[in-house]
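Residue strings, one per chain:
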Amino acid sequence: MKKIFLTILILLFTSTVFAQGYGVFAHNVNIIISNDGTAEITEKFQLYFNTDQDKLEFRTTSTDLGSDLRKWEEFNPQFKPTIGQNNIINGKITYSEGNDNYLEIKYQLADALMAKGKETNLVEEYSIKANYLNNLFQSGLWIILDGTTIVIELPPGAEINETISPDAIIGSNGTKKTITWKGYKSANKLNVKYILWKKINPILDLNEVTNFLFKTTQGLIIIIIALILMGTIIWKRKYFSSKIESFVEDNTVFEED
C-alpha cells in the first residue's frame, strides 16, 4: 500500500512538472542576522525546464510578472517568501537565466527576526521568533522539505548557547557562525538561541560578574583555565625562581672601587 501511495505521488509530481514545463530542484534560503536581530533574506528557487520552448515561455512570463511578489505567488504558490510572509518590506523577485536558471527573492522584515532576551553588562541574549517561520509548520512539526536548505548567518562574534532544533550543521563564515538546515529535516520544536558579547563597561557590577563566572558555561571554562594556570605556576615555582635568580646573576654587573 505504501509503495502504491509513493508511486501515485511521483506520477502526480511528474505530470505537474510536464504540464507546466518546468520544475524546482532546489530551494535555498539565506538569512543574514544583524547585531540588533534584524534580518536580510535571500531565497533562490533553482529551476529546470523540459524543453527550450518551455524556457522561452517562462522567460516571457517573468517579463510579464516583473518583480511583484504577489503576482508571482498567484502564478505559482511555491514562489513566495518562507520567512515572515506578512511582515515583509523591500521585497522583490528576479529571474536569472544562463548556466543556472533561478528565481531570486530578496527582502527584509519590518520587525526583528530575533527576539532580545536577558541582558547584562556583559552579554545580550537573542532567540528566533518561531512564528516567523510558520510556513515550515505542518501537522504539529517544523518540517524542512527535501531539496530545501536554510542557512542562518549570525552576527560577528555571536556564540550559540543552546542546542539548535531541528538538528543543524554549525559552521563559520569568517567571524560569523552559521547554522544550516538541510532537508529533509523535522522536529517538534524550532529553537535558535545565541549570545552577543557587549563592549566591557569600565564599571562592572560585581554580582553580574559572579553570576557570569559561576552560572554560565563560558564562565566556568574561564575559571578552569585560570585554576590550571595557577596550579602550573605553583607546581613550577621553584623552577621559575631559580631561572629568575640565574637571569639576575648573569645580567648584574658589579663595579669595583
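All values derive from a computational prediction rather than experimental measurement.

Asker: Provide a residue-level description of the nonpolar core, including the pertinent values.
Answerer: Core analysis: the biggest nonpolar cluster contains 42 residues, and Ile31, Leu47, Ile83, Leu113 and Ile152 have the highest contact counts within it. Excluding anything up to four places from it in sequence, Ile83 contacts Val29, Ile31, Ile41, Glu43, Ile88, Tyr107, Leu109, Leu113, Tyr132 and Leu133.

Asker: Describe the packing of aromatic side chains, and please don't skip the residues or the numbers.
Answerer: According to the stated counting rule, one finds 13 aromatic pairs in the structure shown. For the pair Phe58 and Trp72, a centre-to-centre distance of 5.8 Å together with 45° between the ring planes defines the contact as tilted. Placement of Phe58 in helix α2 (residues 52-65) and of Trp72 in helix α3 (residues 69-75) is noted, with a sequence separation of 14 residues between them. Comparing Phe58 with Trp72, the two get one shared label, buried. Ring geometry for Phe58 against Phe75: centres 6.2 Å apart, planes inclined by 65°, an arrangement best described as edge-to-face.

Asker: Could you give me a rundown of the sheet that holds strand β10 (residues 159-160), with the residues and numbers involved?
Answerer: The 4 strands lie next to each other as β5-β6-β14-β10, forming an open sheet whose pairing is antiparallel. The outermost strands of the open sheet, each flanked by one partner alone, are β5 (114-119) and β10. Across 2 bridges, β10 lies against strand β14 (residues 193-197) in antiparallel orientation. By the bridge assignment for β14, Glu159 is matched with Ile195.

Asker: Could you give me a rundown of the pairing of strand β6 (residues 123-128), with the residues and numbers involved?
Answerer: Remark: a regular strand shows side chains that alternate across the two faces of the sheet. Across 4 bridges, the pairing between β5 and β6 is antiparallel. Looking at the pairing, Met114 lines up with Ile128 of β6. Turn length for the β5-β6 hairpin, with the two strands adjacent in sequence and antiparallel, is 3 residues. As defined by bridge partners, β6 adjoins β14 across 5 bridges and the pair is classed as antiparallel. Its bridge partner lying in β14, Val123 is registered against Trp197.

Asker: Which residues make up unusual backbone geometry, and what values go with them?
Answerer: Cis geometry marks the peptide bond from Ser165 to Pro166; its omega dihedral reads 0°. Within the element layout of this structure, Pro166 appears in the loop between β10 and β11 (169-173). Note the cis peptide between Gly183 and Tyr184, where omega equals 10°. Note on placement: Tyr184 falls in the loop between β12 (176-182) and β13 (185-187). Located in the positive-phi region is Ser139, a residue other than glycine, with phi close to 50°. With respect to the helices, strands and loops of the structure, Ser139 is situated in the loop between β7 (137-138) and β8 (141-144).

Asker: Tell me about a nonpolar patch on the surface, and please be specific about residues and values.
Answerer: On the surface, a nonpolar cluster with roughly 290 Å² of combined accessible area is contributed by Ile221, Ile225 and Leu229. When you line up the elements, Leu229 lands in helix α5 (residues 217-235). Using a relative accessible area of 52% as the deciding quantity, one classes Leu229 as exposed.

Thresholds applied
- Residues numbered from 1 in each chain as written.
- Predicted model: local features only at pLDDT ≥ 70, side-chain atom pairs only at ≥ 80, totals over all residues.
- Heavy atoms only, no water.
- Core = buried A, V, L, I, M, F, W, Y, C linked by side-chain atoms within 4.5 Å.
- Buried < 20%, exposed > 50% of the residue type's maximum accessible area, 1.4 Å probe, protein only.
- Contact = heavy atoms within 4.5 Å.
- Phe/Tyr/Trp six-rings, centres within 6.5 Å; stacked < 30°, edge-to-face > 60°.
- Helix = DSSP H or I, 4+ residues; strand = E, 2+ residues; numbered from the N terminus.
- Pairing = 2+ DSSP bridges.
- Patch = residues over 30% accessible without salt bridge, like charges linked within 9 Å, V, L, I, M, F, W, Y side chains within 5 Å.
- Areas by Shrake-Rupley, 256 points an atom, 1.4 Å probe, with all protein chains shown as cover.
- Salt bridge = Lys/Arg side-chain N within 4 Å of Asp/Glu carboxyl O.

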